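# Architecture at a glance
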Amino acid sequence: MKNLTTFLINLLSAIIITLGVILYLSSHFIGLPMLIVGIGFIYLIQYKNNKKKAIQSLKSLGKALFIPFIGLVVSLIIVSIILISTGYNPLMTLKTLIYGGFIKSWHSTVLNATPLIFTGLAIGFAFNAGLFNIGAQGQYYVGTAVATAIGIYLPMPSIILIVIAYVVSMLLSASYNIIPAYLKIKTGAHEVITTMMFAQIASSLSGWWVNLMGGEDPVHKYKTDKISTDAWLMKLKDLVPLDHINYRLNVGILVAILTAFVCYFILYKTTLGFKIRAVGHNKDGAKAQGIKVNKIIFVTLLISGALAGMSGVTQVLGLEHRMTYDLSSSYGWDGISVALLASGNPIGIIFSAFLWGGIDSGGQYLERVTDIHKSIVEIMKGLILFFVVARYIYLYINTKFGITKKLFKNISHSHTP
Amino acid sequence: MTTFLKLEKITKKFSKIVANKDVTIEVKKGEIIGLLGENGAGKSTLMNVLFGLYKPTSGRVLINDKPVKFSSPKDAKSAGLSMIHQHFMLVDNMSVTENIILGQEPNKMGFINYKEAREKVIALSHKYNLEIDPDAKIEDIAVGVQQRVEILKALFRDTKLLIMDEPTAVLTPQEVIHLFEVVRKLRADGMSVIIITHKLDEASEISDRIYILRNGELVDSCNACDVDSQMLATMMVGRDIIFKTDKKPRKETGIKSFKLQDLSYKKMDGTYAIKNLNLEIEAGEIYGIAGVDGNGQKELAEVVRGMVKEESGEIIFNEKVINKYTTLERMQNHMGYIPADRLKFGLIPAYDMASNLIIGEQDEKKYTKKTNPVWRRIVDVLDNILGEYNPVRGLSIINKKAVIENAKEVIKKYDIRPNDHTAIAGYLSGGNQQKVVVGREIERKPEFILIVQPTWGVDVGAIERIHEQILAMRDCGVCILLISLELEEIFTLSDKIAVLYEGKIVLEKPAHLTNKNEVGLYMTGGSN
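Residues numbered from 1 in each chain as written. Chains lettered and ligands numbered in written order. Predicted model: local features only at pLDDT ≥ 70, side-chain atom pairs only at ≥ 80, totals over all residues. Heavy atoms only, no water.

### Overview of the overall build of chain A
What counts here: Each helix is a run of DSSP H or I of at least 4 residues and each strand a run of E of at least 2, with the numbering of both proceeding from the N terminus. For the radius of gyration, the atoms used are the C-alpha atoms, and the globule rule reads 2.2 Å times the number of residues raised to 0.38. For this analysis, residues touch if any pair of their heavy atoms sits within 4.5 Å. Throughout, the Shrake-Rupley method with a 1.4 Å probe supplies accessible areas, and for residues the shown protein chains are the sole cover considered. Residues counted as positive are Lys and Arg, residues counted as negative are Asp and Glu, and His and the chain ends are not counted. The atom standing in for a charge is NZ when the residue is Lys, CZ when it is Arg, CG when it is Asp and CD when it is Glu.
Helix and strand counts for chain A stand at 18 helices and 0 strands. Taking 417 residues into account, the globule formula puts the C-alpha radius of gyration at 22 Å, and chain A, at 22 Å, falls close to it. Once the C-alpha set of chain A is aligned to its principal axes, its extents read approximately 65 × 65 × 55 Å. A separation threshold of at least 6 residues defines the contact pool for chain A, and within that pool the share at least 24 residues apart is 73%. Working note: accessible area of chain A is about 19,800 Å², and carbon and sulfur atoms make up 69% of it. One way to put it: in chain A the 33 positive side-chain charges average out to a point 21 Å from where the 15 negative ones average out.

### Considerations on the sheet that holds strand 22 (residues 504-510) of chain B
Residue and element names in this part refer to chain B. Put simply, the rule is: Pairs of strands are assigned from DSSP output, requiring at least two bridges between the strands. Angular values range over 0 to 180 degrees, each being the angle between N-to-C directions of two axes fitted as lines to C-alpha atoms, with helices fitted over their stretch in contact.
Read from one edge of the open sheet, 6 strands run 18-19-20-15-21-22, paired in mixed fashion. Each having just a single partner strand, strand 18 (335-338) and strand 22 make up the two edges of the open sheet. Geometrically, the sheet is characterised by an average inter-axis angle of 15° between neighbouring strands, direction not taken into account. One ladder, built from 5 bridges, connects strand 19 (residues 448-452) with strand 20 (residues 479-483); its direction is parallel. Residue pairing across strands places phenylalanine 448 opposite cysteine 479, the latter belonging to strand 20.

### Things to note about the packing of helix 16 (residues 346-369) of chain A against helix 17 (residues 375-389) of chain A
All names here are of chain A. So the rule is basically this: Oblique is the label for any angle not under 35 degrees, not over 145, and not in the 65 to 115 range, which are roughly parallel, roughly antiparallel and roughly perpendicular in turn. Each crossing gets its hand from how the near helix is turned against the far one by less than a right angle, where anticlockwise is left-handed and clockwise is right-handed. Under the scheme applied, nonpolar residues are Ala, Val, Leu, Ile, Met, Phe, Trp, Tyr, Cys and Pro; charged residues are Asp, Glu, Lys and Arg; polar residues are all the others, including Gly.
One can describe the packing of helix 16 onto helix 17 by two numbers: an axis separation of 9 Å at closest approach and a directional angle of 155°. If you check the angle between helix 16 and helix 17, you find them roughly antiparallel. Here helix 16 runs over helix 17; the crossing is right-handed. In contact with Trp356, Ile359, Asp360, Gly363 and Leu366 of helix 16, helix 17 contributes Ile376, Val377, Glu378, Met380, Lys381, Ile384 and Leu385. Classifying every residue of the contact of helix 16 with helix 17 gives 8 nonpolar, 1 polar and 3 charged.

### Quick look at the packing of aromatic side chains
All names here are of chain A. Applicable threshold: What counts as a ring pair is set by centres within 6.5 Å for rings of Phe, Tyr and Trp (its six-membered ring), and what kind of pair is set by the plane angle: stacked under 30 degrees, edge-to-face over 60, tilted for all other angles. When accessible area is computed with a 1.4 Å probe and restricted to protein chains, residues below 20% of their type maximum are described as buried, those above 50% as exposed, and intermediate ones as partly exposed.
With the rule as written, the count across this model stands at 17 aromatic pairs over all chains. When the ring of tyrosine 99 is compared with that of tyrosine 365, the centres are 5.8 Å apart and the planes differ by 65°; the resulting orientation is edge-to-face. Of this pair, tyrosine 99 sits in helix 4 (residues 90-104) while tyrosine 365 sits in helix 16, and the two are 266 residues apart along the sequence. With a centroid separation of 5.2 Å and 85° between ring planes, the pair formed by phenylalanine 386 and phenylalanine 387 is classed as edge-to-face. Under the relative-accessibility criterion, phenylalanine 386 is labelled partly exposed at 48%. Phenylalanine 387 sits in the buried class, given a relative accessible area of 15%.

### Here we look at the domain arrangement of chain B
Much of the literature gives interface size as the accessible area that the parts lose upon coming together. All names here are of chain B. Rules: The start and end points of each domain follow an automatic or database-based domain assignment. Computed with a 1.4 Å rolling probe, the buried area is the accessible surface lost when two parts are put together, summed over both parts. By convention in these notes, a salt bridge is any Lys or Arg side-chain nitrogen within 4 Å of a carboxyl oxygen on Asp or Glu. Between N or O atoms, a polar contact is any pair within 3.5 Å; within protein, one atom must be a potential hydrogen donor and the other a potential acceptor, and residues adjacent in sequence are included only when both atoms are from side chains.
Here chain B is partitioned into domain 1 (3-237) and domain 2 (243-334 + 445-528). Here the C-alpha centroids of domain 1 and domain 2 sit 33 Å apart. Buried area between domain 1 and domain 2, summed over both chains or domains, comes out near 1,200 Å², and the portion from carbon and sulfur atoms is 61%. Counting every contact that joins domain 1 to domain 2 gives 0 salt bridges. The interface formed by domain 1 and domain 2 includes 1 residue pair in polar contact (both at pLDDT 80 or more). Broken down by secondary-structure element, the contributors of at least two residues to the side of domain 1 that touches domain 2 are helix 6 (173-188) and helix 8 (229-237). In terms of residue count, helix 8 provides more of the side of domain 1 that touches domain 2 than any other element does, 5 residues in total. Of the residues assigned to the side of domain 1 that touches domain 2, the class counts are 6 nonpolar, 6 polar and 3 charged.

### Structural notes on helix 4 (residues 114-127) of chain B
Residue and element names in this part refer to chain B. The following threshold applies: Each residue after the first adds 1.5 Å to the expected span of a helix. Directions are taken from the helix axis to each C-beta atom, and the arc is the one they span.
When the terminal C-alpha atoms of helix 4 are compared, their 20 Å separation across 14 residues agrees well with the 20 Å that a helix rising 1.5 Å per residue should span. When helix 4 is considered as a whole, its buried residues turn out to be Ala117, Val121, Leu124 and Ser125. Burial along helix 4 is one-sided: seen end-on, the buried residues are contained in an arc of 95°. The exposed residues of helix 4 that point more than 90 degrees off its buried face are Lys115, Glu119, His126 and Lys127. Looking at the buried residues of helix 4, the elements they touch are helix 3 (96-101) and helix 5 (143-156).

### Here we look at unusual backbone geometry
Residue and element names in this part refer to chain B. In this structure, lysine 9 takes a positive phi of about 50° despite not being glycine. Along the chain, the position of lysine 9 falls in strand 1 (residues 3-14). The phi angle at aspartate 158 is positive, at roughly 55°, despite the residue not being glycine. Secondary-structure assignment places aspartate 158 in the loop between helix 5 and strand 9 (161-165).

### Examining the confidence of the model for chain A
Basically, it comes down to this: A residue's pLDDT is the confidence the predictor assigns to it, expressed on a 0 to 100 scale.
Per-residue confidence for chain A gives a mean pLDDT of 87, with 91% of residues at or over 70. Here residues 402-417 of chain A is a poorly scored stretch, pLDDT under 50, and it has 36 contacts once near neighbours within four places are set aside; other chains count.

### What to know about the side chain of lysine 184 of chain A
All names here are of chain A. Of note, lysine 184 is situated in helix 8 (residues 178-187). In this structure lysine 184 comes out as buried when scored by relative accessible area, which is 14%. Not counting residues up to four positions away in its chain, the partners in contact with lysine 184 are Leu131, Ala189, Glu191 and Ile297.

### So, the nonpolar core
Selection criterion: The definition of a nonpolar core used throughout is a set of buried Ala, Val, Leu, Ile, Met, Phe, Trp, Tyr and Cys residues joined through side-chain atoms within 4.5 Å.
By size, the foremost hydrophobic cluster in this structure holds 162 residues, and its most contacted members are Ile117, Leu317 and Phe354 of chain A together with Val519 of chain B. Other than its neighbours up to four places away in sequence, isoleucine 117 of chain A contacts Ile253, Ala256, Ile257, Ile349, Ile350, Ala353 and Phe354 of chain A. Judged by nonpolar contacts, the second largest core, of 36 residues, contains Ile32, Leu90, Ala154 and Leu155 of chain B.

### Topic: the sheet that holds strand 13 (residues 256-266) of chain B
All names here are of chain B. Pairing is antiparallel in the open sheet, where 4 strands are placed in the order 14-13-16-17. Unpaired on one side and paired on the other, strand 14 (272-282) and strand 17 (320-321) mark the two borders of the sheet. As paired strands, strand 13 and strand 16 (residues 312-317) are joined by 5 bridges and run antiparallel to one another. When the bridges of strand 16 are listed, phenylalanine 258 appears paired with phenylalanine 317. The strands touched by helix 9 (residues 297-305) within the sheet are strand 13, strand 14 and strand 16, with strand 13 carrying the most contacts at an inclination of about 120°.

### Description of helix 8 of chain B
Residues and elements named next belong to chain B. Where helix 8 is concerned, the buried positions are Leu232, Ala233, Met235, Met236 and Val237. Its buried side turned inward, helix 8 meets strand 3 (32-37), helix 7 (200-206), strand 11 (209-214), strand 12 (217-223) and helix 16 (460-475). Between a side-chain oxygen at the N-terminus of helix 8 and the backbone nitrogen of methionine 231 the separation is 3.0 Å; the capping residue is aspartate 228. Count one or two residues on from helix 8 and you reach glycine 238, which has phi positive near 90°.

### Quick notes on the pairing of strand 10 (residues 192-197) of chain B
Residues and elements named next belong to chain B. Judged by how many residues are buried, strand 10 sits mostly within the fold: 6 of 6 residues are covered. With burial as the criterion, each face of strand 10 is covered, one bearing Ser192, Ile194 and Ile196 and the other bearing Val193, Ile195 and Thr197. Note: strand 3 against strand 10, 5 bridges, orientation parallel. Looking at strand 10, one finds that leucine 35 is bridged to isoleucine 196. Sheet analysis places strand 9 next to strand 10, joined by 5 bridges and oriented parallel. Its bridge partner being in strand 10, leucine 161 is matched across the sheet by serine 192.

### Regarding the packing of helix 4 of chain A against helix 5 (residues 106-127) of chain A
Residues and elements named next belong to chain A. Following both chains from N to C, one finds helix 4 and helix 5 inclined at 75°, their axes separated by 5 Å at the closest point. When the interaxial angle is binned, helix 4 and helix 5 end up roughly perpendicular. Only Trp106, His107 and Thr109 of helix 5 make contact with helix 4, whose side of the interface consists of Gly100, Gly101, Phe102, Ile103 and Lys104. Across the contact of helix 4 with helix 5, the residue classes tally to 3 nonpolar, 4 polar and 1 charged.

### Points about the pattern of salt bridges
Residue and element names in this part refer to chain B. With the rule as written, the count across this model stands at 22 salt bridges over all chains. Of the charged contacts in the structure, one is a salt bridge between arginine 60 and glutamate 8, with a shortest N-O distance of 2.8 Å. A residue pair is termed long-range when its members are at least 10 positions apart, and arginine 60 in strand 4 (residues 58-63) and glutamate 8 in strand 1 qualify at 52 residues. With its nearest N and O atoms 2.7 Å apart, the salt bridge here joins glutamate 518 to lysine 509. Given the relative accessible area of 27%, lysine 509 is considered partly exposed. If you follow the salt bridges from partner to partner, you end up with Arg250, Lys256, Glu280, Glu282 and Glu285 in one network.

What follows is the structure, given as structure tokens:
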């Protein structure tokens, strides 16, 4: 009986959370309190079952968020100093930025975050094995190219077409990492060099691909034909019958969040993840204890490629519905910052992707309504990244001034390379 | 005799941890001091305070009765203090002379005067009977000679107090005798020497006085002639230690269960680390391999474990040739491994204890949850297509309950502290880390086990326990290959003793038919 009630409450909370997420992402801010209430319910049940464990998990969450929070505050202070020295009011500017990014243009934040979660996951997943798949941009291009070709040329019913597009693009963008992975395990060629070179190759070939897919039309020289509407991802507008939902918002963001949870599950609950993290923490030890390090490296790089490919597919099927010859797009590169910010934790990547997406769309809003140049946003991103990633600064402060050791116990064990 | 150095009531605290508490040490001119203590007793902290790397929380340092304040090792050096670290601080690709004069080059208008320097070095080496080739490169000379270079380096800069950290760790018995002669000569010339060590016999042999540290506090100081190593050990650990491990005579089984035949291994640079190595170990026998570090021990261990591929030769275990077996297959065939560097090879330091106790076995049925039959079918199909590189092959869910239960059992059985399976392995003390590794390997019921330096960095109190466990394994019929740099350990444990020199076995004798002098002679290649 007790189990049944627990189950029912859990189920109810799950429904509330899902609804809350969808509403929140589609700019209905009522979703946020729903989300909090749902999570609160689940936490209360946990607390009732095992008080000690629940308190401990809350504490460890606080510990994990402490450093990013300090980093954020410090970088905002420095940005304020820069703004003052250039003659702007920092409070007004930051207020505009936050209002733009997280309230006014929230839909564009969500749209920005979708591909960033995928590329962040691609790079973060590889971090866990001590690998740096810096060429996620290349695998992103492969994903978009394949998805576009399938969307244009494959006549299939909607849901099957979408599944095929996802599966084939993931397979091909994973295979795009086969050569770097093979070189890494056979010759020790560093994946930073090889994947980056492959990214350059992909970006150079993308122009040719765009032409091949109908880009020779004089009107749309840099764009391919549109993919068939069967391949489009569902719009959030169709999912939730409410007004004021931006027509561009699609279920891609939900796929991204789900993927992040799947990645978390693989890394922390399965034997594959156990081995991947072992290789990332201590390669020699893993080898001496019978883990096939080369195989793990190979598989991890392939999974990483597939995740980066998912980013491209989601972007094509969900938002753009075509491939553009756009050399300035940089989801692959931004994914590095997103993954570093979360130090490779898949759940953390969701939040850091939203932060990055929000700062970007806030910057655009800022430029529209004031005369402050958008580059202040880039400065801010750089500072945040620096102050969050440079954990050793805090370690130094700790040893120098002897702030309680407990607080910093976890920092030295970050596995980012 | 006048007092040269005095550390007066040194206390050093790191936030809440007290590393040194009220430590007072006095060093007279021309005196050899032994500084004894287990790992973590505060020896290194004390030396770092002396060298100005740490500021003491309270207390002061006096030299010639004048208080001094060093803010860096440079200040300490200019006051006549010199330290030889356990891992030598020499530049590998520079010559002996260059290394000795580094930082104090005699010069003529800005140009280094090599001739003068070389002559000075040769004169010094003759005076103290420290044979060296002034033009040889450091990377080409043996470890024992490198130590001589370190001593000369200290002599070259007018040292008044020489501190040596574990100076005998890398030496053969003959080299130890020579080193002690040199140290006594230094004493005769009025130099003071502090020797940091955990080898009790040597401490009482060479020192005039001995200071013993325990948990950061000075337990006792005594004249070396008044004590024996048994008493020292008791003072150091705080309880009685039985040194003579109870070793029963071996049961002759006659089963040759492990063999190496003509094993060779080539290093990356093309030289042979192991050349045509042959050995046979019976079940229930401990085969001890002695030798100076760098004579192929590391490579031999890696080849036997299957981490690197041998050049030629055969590894035979239970009458099967296992050359082609991967590390995992060797583990599944009950071949265990207790590595010397446990943080590098034995554990994943960032993982908790429970995970470390199952690593290598994570794919086994008892630690994974049953998978759904449909999913299993998919995995099988993918396995057929992709073979080894099927990404979802290892994708079974870890059975956390079973993992934790296993951990609790092992922790209880082997008395690992803290009694908490979520403790991060990297934060455990050396002894407890070794308990994790040893416990894990014994629980896997090995038939063969490769043990390298099992007591490296382990407290004196824990050594006897580890030795007992190894002997217990032997008595159960496990075939044991023991590689150690510590002769003492080899002689305590082994039934058969071999000496590895330049990748070859140059001596192989039953333990009761040989002695330390003979083994020491072969360790330096002195037989030819």
